[in-house]
Amino acid sequence: MKKLTLAAMIIGGFAAQAQAQSNVTIYGLVDVGMVSERGGAAGSVTKVTSGIGGQSRLGFRGTEDLGNGLSAIFQLEAGIKVDDGTLDNTNSALFNRAAMVGLKSKDAGTLTIGRQQTMLYNALSQVADPFGAGYAGSAKNLFPTSGNLTRVSNSLVYTTPTFSGFTIDGQYALGEQAGSSEAARQFGLGMAYSQGPLNVRVVYNNRNNDTVANGIVTERDTGKNTLVAMNYDFQVVKAYVAYGTNKGLNSAPLPVANAFAYRVAPTASLDSDNILVGAQIPVGAGTIMTSYTRKNDKTNFNQDADQFAVGYLYALSKRTGAYASYAKIKNKNGAGYTVGNNNEPGTGDKAFNVGVRHSF
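Definitions and cut-offs
- Residues numbered from 1 in each chain as written.
- Predicted model: local features only at pLDDT ≥ 70, side-chain atom pairs only at ≥ 80, totals over all residues.
- Heavy atoms only, no water.
- Helix = DSSP H or I, 4+ residues; strand = E, 2+ residues; numbered from the N terminus.
- Buried < 20%, exposed > 50% of the residue type's maximum accessible area, 1.4 Å probe, protein only.
- Lys, Arg positive; Asp, Glu negative; His and termini not counted.
- Charge placed at Lys NZ, Arg CZ, Asp CG, Glu CD.
- Polar contact = N/O pair within 3.5 Å; in protein donor to acceptor, adjacent residues only side chain to side chain.
- Phe/Tyr/Trp six-rings, centres within 6.5 Å; stacked < 30°, edge-to-face > 60°.
- Pairing = 2+ DSSP bridges.
- Core = buried A, V, L, I, M, F, W, Y, C linked by side-chain atoms within 4.5 Å.
- Contact = heavy atoms within 4.5 Å.
- Salt bridge = Lys/Arg side-chain N within 4 Å of Asp/Glu carboxyl O.
- Patch = residues over 30% accessible without salt bridge, like charges linked within 9 Å, V, L, I, M, F, W, Y side chains within 5 Å.
- Areas by Shrake-Rupley, 256 points an atom, 1.4 Å probe, with all protein chains shown as cover.
- pLDDT = per-residue confidence, 0-100.

### A look at the overall build of the protein chain
Along the backbone of the protein chain there are 2 helices and 19 strands. By its C-alpha atoms, the protein chain is 65 × 60 × 40 Å across when sized along the principal axes. Here the protein chain holds 360 residues, and 45% of them are scored as buried. Of the charged side chains in the protein chain, 31 are positive and 24 negative; the average position of the first set lies 4 Å away from that of the second.

Spelled out as structure tokens, the structure:
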């Protein structure tokens, strides 16, 4: 059988005449708990929150065999709030977490189109962070993930097949601004290596911040993010390390504008570095999670921050777990970073949370 090219993969998705076999999976995550936050202008905050470790969700994932090693795939995923049963988004989008369709070939790779996670966020949550971008110790508290740095609409993603543990990703998101083909567009490149106990990802994300009003384009600085993430499983401990650079407008947006009610609000850095070192330590039926994360603001404001975090996830079964976590941030020179979780940015510089999660 001749090796399929990418073009043949696309054409074959429409032309394949083989008898198709389809399957659709309904899946989800229900995560809810208590959050206690301190240190911000809001004072002591205690609340029931959904999505502490990972955003609660309901999803549909499907595949159809088109023959000759080619499959059609799709995913629709909605964020939900377990505490009150509403949709978990601010723009009333039903499938705000994912909405994509594509084609997958054993020989030519995978091409998907729609609303999808960025490779920057995937590398942070899947490889860099022992907390998986959730709980009080989430790396999202200091690493940039706000706005389109987590998910982006109108995007095309291509992933190569795996060669000796290596894969390469490319993403391009159209800005869809009338009068400009570049305004608000975003693209990313990534390389991953996974073999045995070692996982490594290197990603680059480029975000165009130009705006268009009444047919007039206002050019603005481009935001650029680079992240190198790695973890290694020593069995007795799984070690994590990550380093990121963020340059330009919106390369490191602040999760909360002025959580501490400073007379002069914190300034989002246009030039910063992030580092993370952490570990997961198996203990009986559970896992201890711990990390140290640093934000190094290289501008004249020098608004640095350090986060220390520890947590414990206890497996009640393969699908159900109970957890507790605590984190504290030390802000410097008027920095305003807050301790949040997977789904909320937080209100103060320290937080404790405890809850339960079930996946299906």
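### Some points on the environment of asparagine 331
Among the structural elements, asparagine 331 can be located in strand 18 (residues 320-331). Between the C-alpha atoms of asparagine 331 and leucine 29, which are 302 residues apart in sequence, the distance is 33 Å. At a separation of 3.0 Å, a polar atom in the side chain of asparagine 331 contacts the main-chain amide nitrogen of tyrosine 337.

### Brief notes about the packing of aromatic side chains
One pass over the structure, following the stated rule, counts 7 aromatic pairs. Ring centres 4.6 Å apart and planes at 45 degrees place the aromatic pair phenylalanine 166 and tyrosine 193 in the tilted group. A residue pair is termed long-range when its members are at least 10 positions apart, and phenylalanine 166 in strand 8 (residues 166-173) and tyrosine 193 in strand 9 (residues 186-195) qualify at 27 residues. On the accessibility criterion, tyrosine 193 (23% relative accessible area) is partly exposed.

### Some details on the pairing of strand 18
Sheet topology note: the strand 17 (residues 305-315)/strand 18 ladder contains 11 bridges and is antiparallel. In the strand pairing of strand 18, leucine 313 is matched with tyrosine 323. Connecting strand 17 to the antiparallel partner strand 18 that follows it, the hairpin turn spans 4 residues. Here strand 18 pairs with strand 19 (residues 350-359) via 9 bridges, running antiparallel. Bridge pairing in strand 19 links lysine 328 to lysine 350.

### Considerations on the nonpolar core
Membership of the largest hydrophobic core comes to 17 residues, with the highest contact counts inside it found for Tyr135, Ile329, Tyr337 and Val339. For this core, the secondary structure elements donating two or more residues are strand 17 and strand 18. When residues of this core are assigned to their parent elements, the largest contribution, 3 residues, is made by strand 18. Non-local contacts of tyrosine 135, meaning those with residues more than four positions away in its chain, are made with Ile52, Gly53, Met289, Leu313, Tyr323, Ser325, Gly340, Asn341, Asn342, Asn353 and Arg357. Counting residues in hydrophobic clusters, the runner-up holds 15 residues, among them Met119, Val127, Leu227 and Tyr240.

### Observations concerning helix 2 (residues 119-128)
In terms of burial, helix 2 is largely enclosed, as 9 of its 10 residues are buried. Among all positions in helix 2, only Met119, Leu120, Tyr121, Asn122, Ala123, Leu124, Ser125, Val127 and Ala128 are buried.

### Here's the deal with the pairing of strand 14 (residues 238-247)
The sheet contact formed by strand 13 (residues 223-233) and strand 14 spans 10 bridges and is antiparallel. Bridge assignment links alanine 229 to a residue of strand 14, and that residue is alanine 242. If you look at the hairpin formed by strand 13 and strand 14, you'll find 4 residues sitting between the two strands, and glutamine 235 has a positive phi there, around 75 degrees. Taken together, the 10 bridges between strand 14 and strand 15 (residues 271-283) define a ladder with antiparallel strand orientation. Pairing of asparagine 246 across the sheet is with serine 272, part of strand 15.

### Here's the deal with unusual backbone geometry
Positive phi, normally seen in glycine, also occurs at asparagine 154, with a value near 55 degrees. Residue asparagine 154 is classed as partly exposed on the basis of its relative accessible area, which comes to 34%. Even without being a glycine, asparagine 333 presents a positive backbone phi close to 55 degrees. Along the chain, asparagine 333 falls in the loop between strand 18 and strand 19.

### Considering the pattern of salt bridges
Evaluated as defined, the whole model comprises 10 salt bridges. Of the charged contacts, one joins arginine 294 and aspartate 306 as a salt bridge, the two residues approaching to 3.0 Å between their closest N and O atoms. With a gap of 12 residues between them, arginine 294 in strand 16 (residues 286-297) and aspartate 306 in strand 17 connect regions that are remote in the sequence. By relative accessible area, arginine 294 is classed as partly exposed at 21%.

### Details of a nonpolar patch on the surface
On the surface, Met34, Val48, Val310, Tyr326, Phe352 and Val354 cluster together into a nonpolar patch covering about 480 Å² of accessible area. Summarising the element assignment, phenylalanine 352 is placed in strand 19.

### Overview of the confidence of the model for the protein chain
Across the protein chain, the average pLDDT comes to 94, with 94% of residues at or above 70. Counting interchain partners and residues more than four positions distant, the pLDDT-below-50 stretch residues 1-12 has 19 contacts. Counting contacts from residues 14-19, a segment whose pLDDT is below 50, to residues more than four positions away or on other chains yields 4 contacts.

### Overview of the environment of arginine 263
Take arginine 263: it is sitting in the loop between strand 14 and strand 15. Using a relative accessible area of 82% as the deciding quantity, one classes arginine 263 as exposed. For the pair arginine 263 and glycine 54, spaced 209 residues apart in the sequence, the C-alpha separation amounts to 34 Å.

### Description of the side chain of serine 180
Tracing the backbone shows serine 180 in the loop between strand 8 and strand 9. Engagement of the side chain of serine 180 in a polar contact is seen with the backbone nitrogen of glutamate 182, the distance being 3.2 Å. From its side chain, serine 180 meets the backbone nitrogen of alanine 183 in a polar contact 3.0 Å long.

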